[in-house]
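Spelled out, the chains give:
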Amino acid sequence: MGSSIPIPTPTLARQAAPRVLIIDNYDSYTHNLFHLWRDEQDLAQVVLIRNDQYDWDHVRTRILPHVDAVIISPGPGRRDHGAVMGAMVLPPIFGVCLGHQAIAAAFGSEVKQAPAIFHGQVSLVHHADASANNHTNALFQGIPSPFRAVRYHSLSVHDPLPESIIPIAWTHDAVSATETARVVMALRHRTLPLYGVQFHPESVCTTAGRSMLDNFFQMVDDYWCQSVPTSTPSSPTGLAKTQRPSTLPIAVQEMGLKGKPGLAPPAAAPAPQFSVYCQALPGIMSKATFISPDRDESALFRHLYSSSPAAFWLDSARKGSPQSRFSYFGDFTGSGACTMPKLSENLRPRSSSSTNGGDPPTTFWQWLAHWLPDVETSSVLQPWETTELDIANSIPTALAFRCGLVGIMGYDMKAETMGASPSGDQPTVSLDTPSNSPPSTTSLSTSWPDATFGFTDRCVTLDHDTGSIYLLTLVRTPTHSPAQSPSLSIADTIGLGLNYADDDLDRRISRTQISSSSTKPPTAPLNSNDVHVYTTPRVDYVRAIEKSLDYIQRGESYELCLTTPLVAPLRQPIRGFTQALDFYLRVRRHNPAPYAAFLYWADIELVIASTSPERFLAVSVSDLEAKVGENGKVERGPAENTTDAHDQQLAVDLAHDVKERAENLMIVDLIRHDLFTDCVPSSVHVPHLMVIESYQTVHQMVTTVRGQLRPQVGAVQCLTSCFPPGSMTGAPKHRSVEILETLETRGLYSGCLGYFSVHGAMDMSVVIRTTIVGNQGSQVYLGAGGAITVLSDPDREYDEVLTKFSAVWPAIRDLVGTPNDTVA
Ligand SMILES: C=C(O[C@@H]1C=C(C(=O)O)C=C[C@H]1O)C(=O)O
Ligand SMILES: NC(=O)CC[C@H](N)C(=O)O
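Being a predicted model, the structure only gives us computed values, none of them experimental. (Residues numbered from 1 in each chain as written. Chains lettered and ligands numbered in written order. Predicted model: local features only at pLDDT ≥ 70, side-chain atom pairs only at ≥ 80, totals over all residues. Heavy atoms only, no water.)

The next subject is the packing of aromatic side chains. Each aromatic ring pair is characterised by the separation of its centres together with the angle its planes make. According to the stated counting rule, one finds 33 aromatic pairs in the structure shown. Centroid distance F332 to W601: 5.6 Å. Interplanar angle 15°. Geometry classified as stacked. On the criterion of sequence distance, the pair formed by F332 in the loop between β12 (326–331) and α8 (364–371) and W601 in strand β20 (residues 595–601) is long-range, its members being 269 residues apart. Assigned by exposure class, F332 and W601 land together as buried. Site record: aromatic cluster; members linked through ring pairs are F301, Y305, W313, F329, F577, Y584, F598 and Y600. Against the face of Y411 rests R746, its NZ or CZ located 4.3 Å from the ring centre. (Phe/Tyr/Trp six-rings, centres within 6.5 Å; stacked < 30°, edge-to-face > 60°. Helix = DSSP H or I, 4+ residues; strand = E, 2+ residues; numbered from the N terminus. Buried < 20%, exposed > 50% of the residue type's maximum accessible area, 1.4 Å probe, protein only. Lys NZ or Arg CZ within 6 Å of the ring centre and 35° of its normal.)

A few words on the sheet that holds strand β9 (residues 194–197). Read from one edge of the open sheet, 9 strands run β2-β1-β3-β4-β9-β8-β7-β5-β6, paired in mixed fashion. The sheet is open, and its two edges are formed by β2 (46–50) and β6 (147–157), each paired on a single side. Along the sheet, successive strands turn relative to each other by an average axial angle of 25°, direction set aside. With 2 bridges connecting them, strand β5 (residues 111–127) and strand β7 (residues 165–174) associate as antiparallel partners. Residue pairing across strands places H126 opposite W170, the latter belonging to β7. (Pairing = 2+ DSSP bridges. Axes fitted to C-alpha atoms, helices over the stretch in contact; angles between N-to-C directions.)

Moving on: the pattern of salt bridges. Counted under the stated rule, the structure contains 26 salt bridges. Between R19 and D68 there is a salt bridge; the shortest N-O distance is 2.8 Å. One end of the pair, R19, is in the segment before β1 (20–24); the other, D68, is in the loop between α1 (56–63) and β3 (69–72), and 49 residues separate them in sequence. The salt bridge involving E741 is made with K414; its shortest N-O contact spans 2.6 Å. Here the residue E741 occupies a position in helix α18 (residues 733–741), and K414 occupies one in helix α9 (residues 414–418), the gap between them amounting to 327 residues. Of the residues examined, E741 reaches a relative accessible area of 26% and is grouped as partly exposed. The network of salt bridges with common partners includes E297, D315 and R588. (Salt bridge = Lys/Arg side-chain N within 4 Å of Asp/Glu carboxyl O.)

With that out of the way, let us pick up the nonpolar core. Residues L139, F140, M409 and F756 are the most contacted members of the largest nonpolar core, which totals 127 residues. Each of domain 1 (20–253) and domain 2 (274–622 + 709–815) accounts for three or more of the residues forming this core. Among the nonpolar cores identified, the runner-up in size contains 60 residues, and A317, V460, I469 and Y551 belong to it. (Core = buried A, V, L, I, M, F, W, Y, C linked by side-chain atoms within 4.5 Å. Domains from an automatic or database assignment.)

So this is what it looks like as structure tokens:
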């Protein structure tokens, strides 16, 4: 056949991957670029730095001589790399979005407001035919025209471009009903190896991103393969490819950010110090009257913990939902238990629990990370040999909480994960501005901790699928057997579980249950002018939305999750376990949610009543999963008033809703970036993208992002990397958080709540639809908000906030007032 296609010679060494410097402009999508590398090993050749991490002299003299190419990341605002580029001779550059704009600006192009703003939307990008135009368009070699690309930009390069810059791809945006504007989507320098793309090749919804990077690397290779005489100025080091070393020196790698995916060898697993013993009570929930479906497990919880000073109930309250299989209860008083409630200023745990040696932890996060391995266990549940009911084999592997830390991490704990916020800009919308004179922010925030976790060495797990209960307890190995363990006292407490036919117990429990359900759930809707309720008035909130939109238009953010508090006094303070639980049960009845939770600390008089519908992050030993789902949602309406066809149409409309899809995509791309920090790069994937899940009352657009944790990375570290939840900040996270700091205040709301299990698992919900009772039980606090995007309508956004408050408000409305108010 005489084919002239060259066949690679297997004996030849694989061509070395280019050594790449990535300059991160504090974007929330930068790590997603890693997904474009075909071979994970080649990421060892990448050094990732922040744009302000080193002065340019350092970059020019210490980093650039060791790399073959530079990628300039996307990012908020404008970035003038012009001075930098002018000051030195560069290796090939690939600029993405902000990077693309910076290249054009460096050669005299104006970067202006784009004819239309797009964030999280897909456009068709047309490029000139690569084969017809030889090298002009080598970046798009082999890529069809048009192709689908995701855009996140408010600004664009002005067309016509300066002489030295050649546009190589475009899209056509509708700017009015009849007019379209042609917008430059990619460019290259006429003579230098500089390329830019206005869209995001790394987004999960862009096709051909990998081929583009391949093409760029091919050009990088060609560039260095030209035999460059050592004195030619176009080579930064004066070295031709053949003379250049092919691996990135360790010293240069170490100049990079810690978060860059590395390929560290696994550490030897520490010897387990504890074991988890488990006693299974199969099918007990259907047999025991105190826990039958119409008198639910709250009675058991109340019975077990009513005299505990601190207790938790991670309550999968939306029965039937796939996320609602297990509920966990326990308290923090068992042996080995400790609480550390007050951590806001001086982040020191109250417990004297040991750390693993080395430097003492200085942040709460470090403290958690140091402390958990101290109770490292074998991940296998041990059968509890002393019980006849034990059937170890039937313990579901999905039972993820096996004793450990349970608590809440407030949004303000971001100060330790993201660095301090800029000073200067003061909040313009906060608790201090509502028209009906609210309590001061300070008095409220000091009444709460910023984070509080308690350790439980024994817990009760309810399996709603099988009706079984599992009793778990932690025992020290090998010195203690369960029979000697002080933790065995769980058996005494839970002994009542074994006596489930005990009449007296049933009677006692049903009495409490009746008293707690005797209050009729109130139905009053939220009226933001209610005399006792402090919310941001519509006019102020709309002003904050307009400010947010202004930031978005200036390219400072792609999406801002703006929120506002609701604070109200309680006519009668909530005191003690029974009143706190009754309060939670009111909220739970009104809004049963898959991530509902009750947390109670008597000593700091803190009660958390959460009916969160949203998971933030879950770690199952080594897999990390994040959900993006709460955003896209549509109410189904009562079954009797809705036809099947209408109901299906609602789901179809949601699936195609441009605004919902854009919001979902922005957060999905942000979470992918966050997961890349601690996951094996090739493992980060999106198994479900914008699928519609239908529940009893809502259709919801849900995306799942998954990855496998790198060796040595624990749950605390990955939570630290991803905190605060991207769905509560918007993107890019860093700049969006800075902007939000000028517009509002938060506290515990919008952080996360859940557990760190001793064997490495973690599950955290987002703290929304969550009532916080503080100020000695005399005040309730709720937060609500929504994502502001370029497609937002301010009034509708405010209505959405009121709707969110209303998910909880009717359950507490009747309790609100001042002590002088007469009871209605
Ligand atoms: C800010 C809140 O929610 C976040 C923002 C959402 C939105 O913009 O629609 C939806 C769910 C959350 O991720 C809240 O519920 O208070
Ligand atoms: N995604 C980006 O890099 C955005 C760049 C620039 N801030 C803009 O909005 O146009």
